[in-house]
Amino acid sequence: MLLPEGHGLHPGHGKLGGFVRFFNLSTGDFVRVQLPLFKDHCVLDSIDGILLLQRDHDTVARLLNPFTGDILDFPPLETLLRYVDPRFLGNKWYYIRRIGAASINVSADGVVSLMILGSPGMLQVAFATSGDQQWRVSSWHLIQTFSPVSFQGKIYVMRDNGRLAGGPEVLEIDPPQLEGMEPWVPPPRSIAKCPAGKTDDPILYYLVERGSEILVIGTSFGDRKKISAYRLADLMLGRNVLMTGIDGDALFIGQRNLCVRSKAFPTIVGDTIVFYYREKHYVAQYHLSSGTFSPASDGSTKGCAIPSPCSIICHIYTCCYRQQWNKGQIRFQGERKKWRVKGKWRIGA
């Protein structure tokens with residue numbers, strides 16, 4: 001994972017001398033790599049250690065292996081502008097560059113395809129193969145969806161149809177397929193129903209990749225907050241089996257969700273769910289075994305008051321929010337800022 005340095009030191013900042021740092025969420029190892037191309041590129045997302053970049057002057061999307069230097073080019077993002085939902089006002093670039101999830105697939109003959117699920121302003125899935133001149137989009141639209149996650153070349157997403165229509169469910173989106181000579185993305189399939197909350201205790205569900213499986217995390221609203229964890233594989237079989245531990249891991253929940261090996265980071269408590277406790281204005285950790293809450297780091301988030309220097313927990317939690325992760329900012333440490341450089345190209349990224 002690309003480390004958010006803080007102090008506005010985004011990749012390509014002059015003070016970094018062309019270097020960026022990565023850290024492994026499973027081992028805790030840090031690696032410093034020289035990547036001078038960030039002078040005219042910005043990061044939009046990461047997929048299994050591969051960075052999704054935008055080249056500034058022509059908005060070309062690129063996949064970069066930061067440790068080998070291998071690069072694949074995909075169509076300019078500007079070819080997606082016409083697909084932004086006209087009901088969403090404001091700068092269209094905001095919706096194009098705000099990535100929800102992206103997946104990579106390699107065909108038997110070595111052709112690499114990239115599939116992107118964008119923000120709510122982009123209701124279709126975009127896809128392309130390396131060397132294409134423009135993006136294609138799915139023939140279908142996604143509405144009422146949230147918490148997308150990339151897993152083994154597919155994208156999974158939550159959809160809440162409302163209590164009367166069956167409640168929340170998990171959708172699976174397969175990678176692009178060929179029909180004749182034209183690639184297409186099959187419509188999403190409902191693969192699991194989530195346990196419904198009580199009438200006075202609604203639940204919002206999140207998807208988290210953890211090793212070779214996906215977990216489904218449910219959080220209730222209000223002061224009587226409760227968090228529950230399930231395996232997607234169990235829900236697909238109709239079994240609502242609550243988890244009371246996750247083998248010492250910690251799950252970070254935000255706009256995107258991460259699994260961290262607590263043994264690699266001494267300050268992280270295992271078998272916990274780390275999230276922003278909105279009602280109490282702090283980053284909290286929920287202990288699955290006891291069902292109790294405690295602060296995950298020092299400082300209240302009210303007024304953006306996380307102290308500096310901050311713990312590794314704040315750096316990891318920032319990775320859950322792409323629009324700060326890629327700008328060298330730390331979440332809740334000062335107001336969120338726009339790009340200080342190349343704003344013409346990077347608005348919304």
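Treat the numbers as computed from the prediction; the structure is a model and nothing was measured. Throughout this document, residue positions are counted from 1 along each chain, in the order its sequence is written. Per-residue local features of the predicted model are confined to residues with pLDDT of at least 70, and side-chain atom pairs are confined, for both listing and counting, to 80 or more; whole-chain, interface and lining totals are unaffected and use all residues. For the side-chain quantities, the full set of heavy atoms in the structure was used; hydrogens and water were omitted.

Student: Explain the overall build of the protein chain residue by residue, including any values.
Tutor: Across its full length, the protein chain holds 5 helices and 24 strands. Only C-alpha atoms enter the radius of gyration; for comparison, a globular chain is expected to reach 2.2 Å times N to the power 0.38, where N is the number of residues. For a compact globule of 349 residues, the expected C-alpha radius of gyration is about 20 Å, and the protein chain comes in at 20 Å, within 12% of that figure. Principal-axis analysis of the C-alpha atoms places the extent of the protein chain at approximately 50 × 50 × 40 Å. Looking at the 349 residues of the protein chain, the share that counts as buried comes to 53%. Counting from the N terminus, the helices are the DSSP runs of H or I reaching at least four residues and the strands are the DSSP runs of E reaching at least two. When accessible area is computed with a 1.4 Å probe and restricted to protein chains, residues below 20% of their type maximum are described as buried, those above 50% as exposed, and intermediate ones as partly exposed.

Student: How would you summarise the packing of aromatic side chains if you had to cite specific residues and measurements?
Tutor: Pairing of aromatic rings covers Phe, Tyr and Trp, the last through its six-membered ring, and needs centres within 6.5 Å; plane angles under 30 degrees mean stacked, over 60 mean edge-to-face, and all others mean tilted. Enumeration according to the criterion identifies 13 aromatic pairs in this entry. Between the aromatic rings of Phe 275 and Tyr 277, the centroid separation amounts to 5.7 Å while the plane-to-plane angle is 35 degrees, which identifies the pairing as tilted. Of the residues examined, Phe 275 reaches a relative accessible area of 7% and is grouped as buried. Here Tyr 277 falls in the buried class, since its relative accessible area comes to 2%.

Student: Hey, could you go over the sheet that holds strand S21 (residues 258-261) for me, with residue numbers and the actual values?
Tutor: One open sheet accounts for 5 strands, arranged S21-S20-S22-S23-S24; its pairing is mixed. In the strand order of this sheet, the two ends are held by S21 and strand S24 (292-295), each with one partner. The mean inter-strand angle of the sheet, taken between neighbouring strand axes irrespective of direction, is 30 degrees. A pair of strands is treated as paired once DSSP finds two or more bridges between them. Two strands pair when backbone bridges link them, and strand S22 (residues 272-277) and strand S23 (residues 282-287) are joined in this way by 6 bridges, in the antiparallel orientation. Across the sheet, Tyr 277 pairs through a bridge with Tyr 282, a residue of S23. Where helices are involved, their axes are fitted lines through C-alpha atoms of the stretch in contact, as for all axes, and angles between N-to-C directions lie from 0 to 180°.

Student: Account for the sheet that holds strand S16 (residues 189-193), naming residues and giving values.
Tutor: Spatially, 4 strands are ordered S11-S12-S13-S16 in an open sheet, and the strand pairing comes out antiparallel. The open sheet has two edge strands, strand S11 (145-151) and S16, and neither has a second partner. For this sheet the average axis-to-axis angle between neighbouring strands, irrespective of direction, equals 25 degrees. Of the strand pairs in this sheet, S11 and strand S12 (residues 154-160) are connected by 5 bridges, and their pairing is antiparallel. The partner of Phe 146 across the bridge, within S12, is Met 158.

Student: Tell me about the environment of Ala 250, and name the residues and values.
Tutor: As for its placement among the helices and strands, Ala 250 is situated in strand S20 (residues 249-252). Sequence spacing of Ala 250 and Val 269 is 19 residues, and the spatial spacing of their C-alpha atoms is 6.9 Å. Sequence-distant contacts of Ala 250, that is, excluding residues within four places in its chain, are made with Leu 258, Cys 259, Val 260, Ile 268, Val 269 and Thr 272. Two residues qualify as a contact provided that any one of their heavy atoms is within 4.5 Å of a heavy atom in the partner residue.

Student: Could you give me a rundown of the pattern of salt bridges, with the residues and numbers involved?
Tutor: Any carboxyl oxygen of Asp or Glu that lies within 4 Å of a side-chain nitrogen of Lys or Arg is treated as forming a salt bridge with it. On inspection of all chains with the given rule, the structure shows 21 salt bridges. Among the salt bridges present, the one from Asp 45 reaches Arg 322, with a minimum N-O distance of 2.9 Å. Of this pair, Asp 45 sits in strand S3 (residues 41-47) while Arg 322 sits in helix H4 (residues 322-325), and the two are 277 residues apart along the sequence. With a shortest N-O distance of 2.6 Å, Asp 58 and Arg 55 are connected by a salt bridge. Relative accessible area serves as the criterion here: at 17%, Arg 55 is assigned to the buried category. Via salt bridges that share partners, Arg 210, Glu 213, Arg 231, Asp 247, Asp 249 and Arg 261 belong to a single interconnected network.

Student: Outline the pairing of strand S7 (residues 101-106), listing residues and values.
Tutor: Summarising the sheet, S7 and strand S8 (residues 112-117) pair through 6 bridges and their orientation is antiparallel. For Ser 103, the partnering residue across the bridge sits in S8 and is Met 115. The antiparallel pairing of S7 with S8 creates a hairpin that spans 5 residues between the two strands, and Gly 110 there sits at a positive phi of about 90 degrees.

Student: Could you give an account of the nonpolar core, naming the residues involved and the relevant values?
Tutor: Among the nonpolar cores identified, the biggest contains 36 residues, and Phe 23, Phe 38, Phe 252, Ile 268 and Ile 316 are the most heavily contacted of them. For this core, the secondary-structure elements that each account for two or more residues are strand S1 (19-23), strand S4 (50-55), S20, S21, S22 and helix H3 (312-318). Apart from residues lying up to four places away in sequence, Ile 268 is in contact with Ala 250, Phe 252, Val 260, Ser 262, Ile 313 and Ile 316. Leu 44, Leu 63, Ala 102 and Met 122 belong to the second-largest nonpolar core, a separate cluster that totals 24 residues. Side-chain atoms within 4.5 Å link the members of a nonpolar core, which is a set of buried Ala, Val, Leu, Ile, Met, Phe, Trp, Tyr and Cys residues.

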